[in-house]
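# Per-entry structural report
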Amino acid sequence: MKLMTKYFGEMEYKAEEIINFPEGLFGFENDTDYLLIRFDNEDDTLLSLQSIHNPTLAFIVVNPFRLMPDYEPYIAEQDLKNLGVNNQELVAIYAIAVVGGDVSKTTVNLKAPLVINPITKYGRQVILDDSKYSFRHQFAEKE
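Scope of this entry: the structure provided in the associated data block. (Residues numbered from 1 in each chain as written. Predicted model: local features only at pLDDT ≥ 70, side-chain atom pairs only at ≥ 80, totals over all residues. Heavy atoms only, no water.)

### So, the pattern of salt bridges
When the charged atoms of two side chains lie near each other, side chains of opposite charge can form a pair. Counting across every chain of the model gives five salt bridges. Close ionic contact of R66 with D44 constitutes a salt bridge, the shortest N to O distance being 2.9 Å. Of this pair, R66 sits in helix 1 (residues 64-67) while D44 sits in strand 5 (residues 43-51), and the two are 22 residues apart along the sequence. Residues participating in the shared-partner salt-bridge network are K2, E10 and E12. (Salt bridge = Lys/Arg side-chain N within 4 Å of Asp/Glu carboxyl O. Helix = DSSP H or I, 4+ residues; strand = E, 2+ residues; numbered from the N terminus.)

What follows is the structure, given as structure tokens:
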């Protein structure tokens, strides 16, 4: 199948690559199907979460463990169960970045990560019950 994307132009994809967020993402509840596309095939640090149905809707997401190696989100048991897993190590976790005109002011939402079951391709955006993570963590911030 073909898809027009925000950052990569037209590209081919397979139905099994689609990640479904049954509840959508916060503020985008009606868009439930996305592709996760790496900007660099060799590196999973920076990716695009591209809506299948809306070519202009794409989120920049990061692998938060590359940004912050000591990131330790605790995903609630019910959220894991909703994704069809019983162990947090079986999911992939990404954080949405907000990139403005000044890249040095980029922030990352570590408080509400995207949690994806890579086998079933189901995902959820969850809110962590941990005060050490914020919705607007400075991308360039040093821990």
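### Here we look at a nonpolar patch on the surface
Side chains of Y7, F39 and L46 sit close together on the surface and give an oily, nonpolar patch of about 260 Å² of accessible area. You can see Y7 is positioned in the loop between strand 1 (2-5) and strand 2 (9-12). We classify Y7 as partly exposed; its relative accessible area is 37%. (Patch = residues over 30% accessible without salt bridge, like charges linked within 9 Å, V, L, I, M, F, W, Y side chains within 5 Å. Areas by Shrake-Rupley, 256 points an atom, 1.4 Å probe, with all protein chains shown as cover. Buried < 20%, exposed > 50% of the residue type's maximum accessible area, 1.4 Å probe, protein only.)

### Here we look at the packing of aromatic side chains
Enumeration according to the criterion identifies seven aromatic pairs in this entry. Ring centres of Y71 and Y133 lie 4.8 Å apart, and the angle between their planes is 75 degrees; on these two criteria the pair is classed as edge-to-face. With Y71 in the loop between helix 1 and helix 2 (77-82) and Y133 in the loop between strand 10 (122-125) and strand 11 (137-138), this pair connects stretches of sequence that are 62 residues apart. The burial state of Y71 is the same as that of Y133; both residues are buried. Here the aromatic cluster, defined as three or more aromatic residues joined through ring pairs, consists of F21, F28, Y34 and F59. (Phe/Tyr/Trp six-rings, centres within 6.5 Å; stacked < 30°, edge-to-face > 60°.)

### With respect to unusual backbone geometry
A negative phi angle is the norm for most residues apart from glycine, just as the trans form is the norm for most peptide bonds. Backbone geometry places K121, a non-glycine residue, at a positive phi of 65 degrees. Assignment of secondary structure puts K121 in the loop between strand 9 (114-117) and strand 10.

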